[in-house]
Amino acid sequence: MPADRISKLQRRSCAGGSVRVEGWLRSARHGKERSFLDLNDGSCLSGIQVVVEPDLPNYEALVKTLKNGCAVSVFGELVTSPGKSQRYEILSKGIDIVGEVADDYPLQKKRHSFEFLRTIAHLRPRTNTLGSVWRVRNAATMAVHNFFQTRDFLYLHSPIITLSDAEGAGEMFRVTTLDAKRLLQEDGREDFSKDFFGDETHLTVSGQLEAEIGALAMHDVYTFGPTFRAENSNTSRHLAEFWMVEPEMAFCDLEEDIEVAKDFLKEVIQAVLSDCEEDLAFFNERIERNLLNSLRNAVNTQPVHMTYTDAIEVLKGKSKGFTFPVSWGADLQSEHERFLCEEYVKGPVVVTDYPKDIKAFYMYVNDDEKTVRAVDVLLPGIGEIIGGSQREHRHDVLSRRLMEAGLPLDRYKWYLDLRRFGGVPHSGFGLGFERLMLFLTGMSNIRDVIPFPRVPGYAEF
Ligand code: 4AD
Ligand code: MG
């Protein structure tokens, strides 16, 4: 049992070394002379063994009927265990059965497939793997806030319902209280003035544009919240609802932005390595044999920088072909990103200066007029984990870019205004929190690192 677990028990303890613990049974063995219960309350991976002697008044009638999944409250004494598999155990002086378990409880003491566990997402956090995922998610969340808070970034709550398409890619879920027929006018067009907000609203794809408002008043801000994309990508790396961390910094160019992104990744990974030792050891043993090495490697090695143009040259020089063709102007596919970090560099890669036609309207156009000051950070096993850029702060260039992207200028008036009223060079990036979770845990499907996944065709719970 790890030291932190003992302190948690002690915090809940009663007088004279006695403790009360509450939780769910992972298993119950009823021997001839006593019963052994494996109790877990989610506070850490290893549960605690509860030993129950037959002299308890409810032993025959209740304790012996306890089984896997029951909720119990145990009062007893924390003692050194004579057994080999744990240092401490609880010698029970009393047990209350708080919640009985029906016979068709689906979690048995065996390995269940992740596909099966997704169908019982209301029970899966009681398994070792999902319990560890949830704890790592919590530790990583705190590490994110810690990184920015200790650097004087202000946490900004960007809206979830929005009028603007922050990425200009049109992959948005519409928010309406009316059915489509009621919006239609005689000419077949929709009249959004009748709708709840009196306009056409969507779920946000990114908090960046509002973060820019924040940065241009408070210097350095970050958002950390849910974002939504209606892209029909049924892959192990895409969700329709995912969490994004988006810092935005004023008086900041791409080079400074990249330095913050690298420090941020390293610090969050290091914090989780320190805070989640037991959970990461479990992932390293059961899920991904190379996990701890790759986490330490990401903390200790400097990412390799290359421009998009350099990356294309490297990919073209590769002897074996890719499924997707490599040519200047085409976006990097996951197989290309993974080749760069897994085989070419064998570590994190920072790719900059992408062609402007494959990137969003808000990125700063380089002097070559062909590329933009964009950055993607790629990690082994994941591919793109961070996407960012220096923002276009020149009013005329931005107006032109919006028009080229076919976006309505009136919708982005306020965004253009920010360039006229004390606009300054500013930059930021977005980290996909679930992609980070994949990297931190070695899990292979993004649906298993968010408590309730939303993907095309599926939004249960
Ligand atoms: O590269 P993206 O689209 O960048 C933005 O949204 C910018 N507004 C960020 C910024 O500069 N403030 O998305 C950022 C990251 C990606 O690198 C990826 O990790 C993650 O968000 N991401 C997804 N994660 C899960 N499911 C999806 N469908 C994702 N789409 C993007
Ligand atoms: Mg991107």
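Relevant structure appears above.
It should be emphasised that the depicted structure is a prediction, and the values quoted were computed from it without experimental measurement. (Residues numbered from 1 in each chain as written. Chains lettered and ligands numbered in written order. Predicted model: local features only at pLDDT ≥ 70, side-chain atom pairs only at ≥ 80, totals over all residues. Heavy atoms only, no water.)

Trainee: Mind showing me how you'd approach the pairing of strand S14 (residues 371-379) here?
Mentor: The two faces of a sheet get side chains in turn, since along a regular strand they alternate between them. The element S14 is largely enclosed, with a buried count of eight among its nine residues. Two elements, strand S13 (residues 349-355) and S14, share six bridges in a ladder whose sense is antiparallel. Residue Thr 352 lies in a different strand from S14, and its bridge partner there is Val 375. Linking S14 to strand S15 (residues 383-390), which pair antiparallel, is a turn of three residues; within it Gly 381 sits at a positive phi near 80°. (Buried < 20%, exposed > 50% of the residue type's maximum accessible area, 1.4 Å probe, protein only. Helix = DSSP H or I, 4+ residues; strand = E, 2+ residues; numbered from the N terminus. Pairing = 2+ DSSP bridges.)

Trainee: I tried to follow the sheet that holds strand S8 (residues 174-175) on my own but got confused; where do I start?
Mentor: Taken together, the three strands give an open sheet; going across it, the order is S7-S9-S8, and neighbouring strands pair in antiparallel fashion. With one partner strand each, in any of the chains shown, strand S7 (161-162) and S8 form the two edges of the open sheet. Sheet topology places S8 next to strand S9 (residues 201-203); two bridges connect them, and they run antiparallel. Each bridged residue has a counterpart across the sheet, and for Arg 174 the counterpart in S9 is His 202.

Trainee: Whenever I open this one, the nonpolar core confuses me. Can you help?
Mentor: One broad trend across soluble globular proteins is that nonpolar side chains are buried collectively. Of all hydrophobic cores here, the largest spans 57 residues; its most connected members are Phe 264, Leu 265, Ile 269, Leu 280, Leu 431, Phe 433 and Leu 440. Sorting elements by how many residues they give to this core places helix H6 (residues 254-275) first, with 10 residues. Discounting chain neighbours no more than four positions away, the residues touching Leu 431 are Trp 243, Met 244, Val 245, Phe 264, Leu 265, Ile 385, Ile 386 and Leu 436. The next biggest cluster of nonpolar side chains, apart from the first, holds 33 residues, and it includes Met 306, Leu 332, Met 363 and Tyr 412. (Core = buried A, V, L, I, M, F, W, Y, C linked by side-chain atoms within 4.5 Å. Contact = heavy atoms within 4.5 Å.)

Trainee: Would you mind showing me how to read the site of ligand 1 here?
Mentor: Taken together, 24 residues form the shell around ligand 1, and within it Glu 167, Gln 208, Arg 229, Glu 246 and Glu 384 come nearest. The side chain of Glu 167 places a nitrogen or oxygen atom 2.6 Å from a nitrogen atom of ligand 1. A distance of 3.3 Å separates an oxygen atom of ligand 1 from a polar atom in the backbone of Gly 432. Protein contact buries 93% of the 630 Å² of open area that ligand 1 shows by itself. Breaking the shell around ligand 1 down by element, the ones donating at least two residues are strand S11 (241-250), S15 and strand S16 (426-432). Looking at which element gives the most residues to the shell around ligand 1, the answer is S15, with five residues. (Near = heavy atom within 4 Å. Polar contact = N/O pair within 3.5 Å; in protein donor to acceptor, adjacent residues only side chain to side chain. Areas by Shrake-Rupley, 256 points an atom, 1.4 Å probe, with all protein chains shown as cover.)

Trainee: Would you explain the side chain of Gln 208 in this entry?
Mentor: Tracing the chain through its elements places Gln 208 in helix H5 (residues 208-218). Classification of Gln 208 as buried rests on a relative accessible area of 3%. One polar contact links Gln 208 to Tyr 362, side chain to side chain, over a distance of 3.1 Å. When neighbours within four sequence positions are excluded, Gln 208 is seen to be in contact with Glu 167, Glu 246, Glu 248, Tyr 362, Arg 391 and Tyr 415.

Trainee: What's the story with the sheet that holds strand S1 (residues 18-30) in this structure? I'm lost.
Mentor: Two modes of strand pairing occur in sheets, parallel and antiparallel, and in both the strands are linked by backbone hydrogen bonds. Taken in spatial order, the five strands close into a barrel running S1-S2-S3-S5-S4, and their pairing is mixed. On average, each strand axis in the sheet is tilted by 55° relative to the strand beside it, whichever way the strands run. Pairing of strand S4 (residues 71-80) with strand S5 (residues 88-99) involves 10 bridges; the strand directions are antiparallel. In the sheet register, Val 79 faces S5, and the bridge partner there is Glu 89. (Axes fitted to C-alpha atoms, helices over the stretch in contact; angles between N-to-C directions.)

Trainee: Can you walk me through H6 in this structure?
Mentor: Because an α-helix completes one turn every 3.6 residues, residues spaced three or four positions apart along the sequence face the same direction. End to end, H6 covers 31 Å across 22 residues, agreeing with the expected 32 Å (1.5 Å per residue, within 8%). N-capping of H6 is provided by Asp 253, with a side-chain oxygen placed 3.2 Å from the backbone N of Glu 255. (Expected span 1.5 Å × (residues − 1).)

Trainee: How should the pairing of S16 be read in this particular structure?
Mentor: The buried fraction of S16 is high, at seven of seven residues. Here S16 shows two buried faces, one formed by His 426, Gly 428, Gly 430 and Gly 432 and the other by Ser 427, Phe 429 and Leu 431. As paired strands, S11 and S16 are joined by five bridges and run antiparallel to one another. Opposite Met 244, over in S16, you have Gly 432 as the bridge partner.

Trainee: Before we go on, may I ask you to explain the pattern of salt bridges in this structure?
Mentor: A side chain of one charge can pair with a side chain of the opposite charge when the charged atoms of the two come close. Following the criterion strictly, the structure yields 24 salt bridges and no others. The salt bridge involving Glu 392 is made with Arg 394; its shortest N-O contact spans 2.7 Å. The exposure class assigned to Glu 392 is buried, which follows from its relative accessible area of 0%. The network of salt bridges with shared partners includes Glu 33, Arg 34 and Glu 53. (Salt bridge = Lys/Arg side-chain N within 4 Å of Asp/Glu carboxyl O.)

Trainee: Any chance you could explain a nonpolar patch on the surface here in plain terms?
Mentor: On the surface, a nonpolar cluster with roughly 390 Å² of combined accessible area is contributed by Ile 160, Ile 161, Phe 196 and Phe 197. When you line up the elements, Ile 160 lands in the loop between strand S6 (154-155) and S7. Take Ile 160: its relative accessible area is 35%, and that puts it in the partly exposed class. (Patch = residues over 30% accessible without salt bridge, like charges linked within 9 Å, V, L, I, M, F, W, Y side chains within 5 Å.)

Trainee: What should I look at first to understand the packing of H6 against helix H8 (residues 291-300) in this one?
Mentor: The interhelical angle for the contact between H6 and H8, taken along N-to-C directions, is 140°, at an axis separation of 9 Å. Judged on the interaxial angle alone, H8 and H6 are oblique. Where H6 crosses over H8, the handedness of that crossing is left-handed. Residue-level contacts link Lys 266, Ile 269, Gln 270 and Leu 273 of H6 to Leu 292, Leu 295, Arg 296, Ala 298 and Val 299 of H8. Along the lines of polarity and charge, the residues of the contact of H6 with H8 split into six nonpolar, one polar and two charged. (Parallel < 35°, antiparallel > 145°, perpendicular 65-115°, else oblique. Left-handed = near helix turned anticlockwise from the far one by under 90°. Nonpolar A, V, L, I, M, F, W, Y, C, P; charged D, E, K, R; others polar.)

Trainee: Could you clarify how one ought to interpret the packing of aromatic side chains in this entry?
Mentor: The geometry of two aromatic rings is summed up by the distance between their centres and the angle between their planes. A complete count under the given rule lists 20 aromatic pairs for this structure. Here the aromatic rings of Phe 147 and Phe 264 are separated by 5.2 Å at their centres, their planes lie at 65°, and the arrangement is edge-to-face. Of the two residues, Phe 147 is situated in helix H3 (residues 128-149) and Phe 264 in helix H6; the sequence distance between them amounts to 117 residues. For the pair Phe 147 and Phe 264, one class covers both residues: buried. Chaining the aromatic ring pairs together yields one cluster made of Phe 147, Phe 148, Phe 153, Tyr 155, Tyr 222, Phe 264 and Phe 429. In this arrangement the basic side chain of Arg 419 is found over the ring face of Tyr 415, its NZ or CZ atom lying 4.0 Å from the centre. (Phe/Tyr/Trp six-rings, centres within 6.5 Å; stacked < 30°, edge-to-face > 60°. Lys NZ or Arg CZ within 6 Å of the ring centre and 35° of its normal.)

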